[in-house]
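# Residue-level structure breakdown
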Amino acid sequence: MSDFGRTPDVHGDAQLRGVRLTSDTPELEPHRIVRLEDDAVVVLDQRRLPEDEVDLRCRSAAEVAEAIRTLAVRGAPAIGVAAAYGMALAAERGDDLDVAFEALASSRPTAVNLRWALETMRDEPTRARAERIHADQVDRCRAMGGHAVELFPADARVLTHCNAGGLATGGYGTALGAIRAAWEAGRVEHVWVDETRPLLQGARLTAWELEQLGIPHAVIADAAAASFMARGEVDLVVTGADRIAANGDTANKVGTYGLAVAARHHGLPLVVVAPTSTLDPRAAAGDDIPIEEREPAEVTGRFGARNPAFDVTPGALVAAIVTERGIHRAPYTETLPRGTAAVR
Ligand code: MRU
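Quick caveat, the model's predicted, so the values are computed rather than measured. (Residues numbered from 1 in each chain as written. Predicted model: local features only at pLDDT ≥ 70, side-chain atom pairs only at ≥ 80, totals over all residues.)

### Focus: the packing of helix α3 (residues 76-93) against helix α6 (residues 127-148)
For any two helices packed against each other, the geometry is given by the interaxial angle and the distance between the axes. Following both chains from N to C, one finds α3 and α6 inclined at 170 degrees, their axes separated by 8 Å at the closest point. What the angle tells us is that α3 and α6 run roughly antiparallel. Judged by residue contacts, Pro-77, Val-81, Ala-84, Tyr-85, Met-87 and Ala-88 of α3 engage Arg-127, Arg-129, Ala-130, Ile-133, His-134 and Gln-137 from α6. Split into classes, the residues belonging to the contact of α3 with α6 amount to eight nonpolar, two polar and two charged. (Axes fitted to C-alpha atoms, helices over the stretch in contact; angles between N-to-C directions. Helix = DSSP H or I, 4+ residues; strand = E, 2+ residues; numbered from the N terminus. Parallel < 35°, antiparallel > 145°, perpendicular 65-115°, else oblique. Contact = placed C-beta atoms within 7 Å. Nonpolar A, V, L, I, M, F, W, Y, C, P; charged D, E, K, R; others polar.)

### Side note on the nonpolar core
Ranked by size, the top nonpolar core spans 107 residues in total, and within it Val-43, Ala-82, Ala-83 and Met-87 carry the most contacts. Broken down by element, the residue count for this core peaks at 12 residues, all from α3. If you count residues domain by domain, this core takes at least three from each of domain 1 (19-139) and domain 2 (144-335). Once residues within four sequence positions are removed from consideration, Ala-83 is found in contact with Val-64, Ile-68, Leu-104, Leu-114, Ala-117 and Leu-118. (Core = buried A, V, L, I, M, F, W, Y, C linked by C-beta atoms within 7 Å. Buried ≥ 20, exposed ≤ 12 C-beta atoms within 10 Å, placed from the backbone. Domains from an automatic or database assignment.)

### Focus: the site of the ligand
Taken together, 17 residues sit near the ligand, with Arg-74, Ala-76, Ala-168, Gly-240 and Lys-253 positioned nearest. Within the residue set of the shell around the ligand, elements represented by two or more residues are α3, α7 (166-169) and β9 (250-253). Here the residues of the shell around the ligand are counted per class, giving eight nonpolar, six polar and three charged. (Near = placed C-beta within 6 Å.)

### Details of the domain arrangement of the chain
In terms of domains, the chain is made up of domain 1 (19-139) and domain 2 (144-335). At the interface, 27 residues of domain 1 touch 30 residues of domain 2. The set of elements that each furnish at least two residues to the side of domain 1 that touches domain 2 consists of α1 (30-33), α3, α5 (112-122) and α6. No other element matches the five residues that α3 contributes to the side of domain 1 that touches domain 2. Residues belonging to the side of domain 1 that touches domain 2 are distributed by class as follows: 18 nonpolar, seven polar and two charged.

### Examining unusual backbone geometry
Here the bond from Leu-49 into Pro-50 is cis, since omega is 5 degrees, no more than 30 degrees from zero. Tracing the backbone shows Pro-50 in the loop between β2 (41-44) and β3 (55-58). The omega angle of the peptide bond from Ala-330 to Pro-331 is 0 degrees, so this bond is cis rather than trans. In this model, Cys-162 sits at a positive phi of 60 degrees, which is unusual for a non-glycine residue. Non-glycine residue Thr-196 carries a positive phi angle of around 70 degrees. Along the chain, the position of Thr-196 falls in the loop between β5 (188-194) and α9 (201-213).

### Observations regarding the sheet that holds strand β11 (residues 310-313)
The strand order across the open sheet formed by three strands is β8-β9-β11, and the pairing between neighbours is antiparallel. Two strands lie at the open edges of the sheet, namely β8 (243-244) and β11, each paired on one side alone. Examined bridge by bridge, β9 and β11 share four bridges and lie antiparallel to one another. Following the sheet pairing, Lys-253 is matched in β11 by Phe-310. Lying over the sheet, helix α11 (residues 256-265) contacts β9 and β11, oriented at roughly 35 degrees with respect to β11. (Pairing = 2+ DSSP bridges.)

### A closer look at the packing of helix α2 (residues 61-69) against helix α4 (residues 97-105)
Closest axis-to-axis distance for the α2/α4 pair is 8 Å, and the angle between their directions is 5 degrees. When the axes of α2 and α4 are compared, the pair comes out roughly parallel. For the pair α2 and α4, the contacting residues are Ala-61, Ala-62, Val-64 and Ala-65 in the first and Ala-100, Ala-103 and Leu-104 in the second.

### Comments concerning the sheet that holds β3
Strand order in this open sheet of three strands is β1-β2-β3, and the pairing throughout is antiparallel. Every other strand in the sheet has two partners, leaving β1 (34-36) and β3 as the edge strands with one partner each. Put simply, the sheet's adjacent strands are angled 20 degrees from each other on average, direction ignored. Two elements, β2 and β3, share four bridges in a ladder whose sense is antiparallel. The partner of Val-41 across the bridge, within β3, is Cys-58. Its contacts with the sheet place α2 against β2 and β3, and it is angled at close to 140 degrees to β3. In the packing of α3 onto the sheet, contacts are made with β1 and β2, and the angle to β1 comes to roughly 10 degrees.

Here's what the structure looks like:
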């Protein structure tokens, strides 16, 4: 039986500032998505959703790294949060923290939040610090949602890709958080959910979250997105990001670039919603962002295949980037916040 929405009995709840831990709404609670218990980092296993709501217990940093690598927990901010809890667990177990750091940092290469969270944990690898990172990510999502609302026209028909909801951030969501805030402001009519090949984060996870939130939606094949735009059935495209270079070039789930090209052709805005912890000041442009290449078997086990998990959308195709600091527009080298914001 599902225990969705229950308040887990965990340590450190009091440190989740600004995060509701009990719910009278169907919202995914932050500690339901990822939490640190006495002897394990526990994640809601996203590989099993939406059919099964089951926890995966990771009893070491190596097991957390494996959960990240295999997408039991996924999405840029969420893997940073899981890694932070993994470091706290390693410290409490008396494990070698350099080994734990490297195992976690190397689990996935593209999302800069992962390394950001690990660097943030370096000086104080405690559960209190990890809880602060978690709470901070959720706070940032809520702030981004508030800023993004004005970018939604009345009765917006929104198209989104992959999953950038609470599952991907440890609570509330980036792109889906913005959609949710706009829905609550009465500005959203409908959400088109790209199914997101090959692992169906849209069809499995985003659709599930929208269903929980009661927001009208329909899943479409990725290849159908351009024709929905051509028929005038899309008003804007909203996505998250895994890493944003200083010039606004944005790495996100593969297929985002194609959506951006199609959106530009049809005169539609593509809005990226991501916290400043997703900005990489060391990447001048998209070419500096490492793109994860995953197992070809995720695409097909029968034939030869290539499986880049992300692509880079040039900043020139991004109408606006929304961070917790506000709405940023081109030229991004001048308007994006400099440096990566520390946990508050
Ligand atoms: O491979 P995934 O599922 O981790 O990819 C996730 C994405 O591309 C998301 O859009 C991105 O991390 C933003 S999540 C807030």
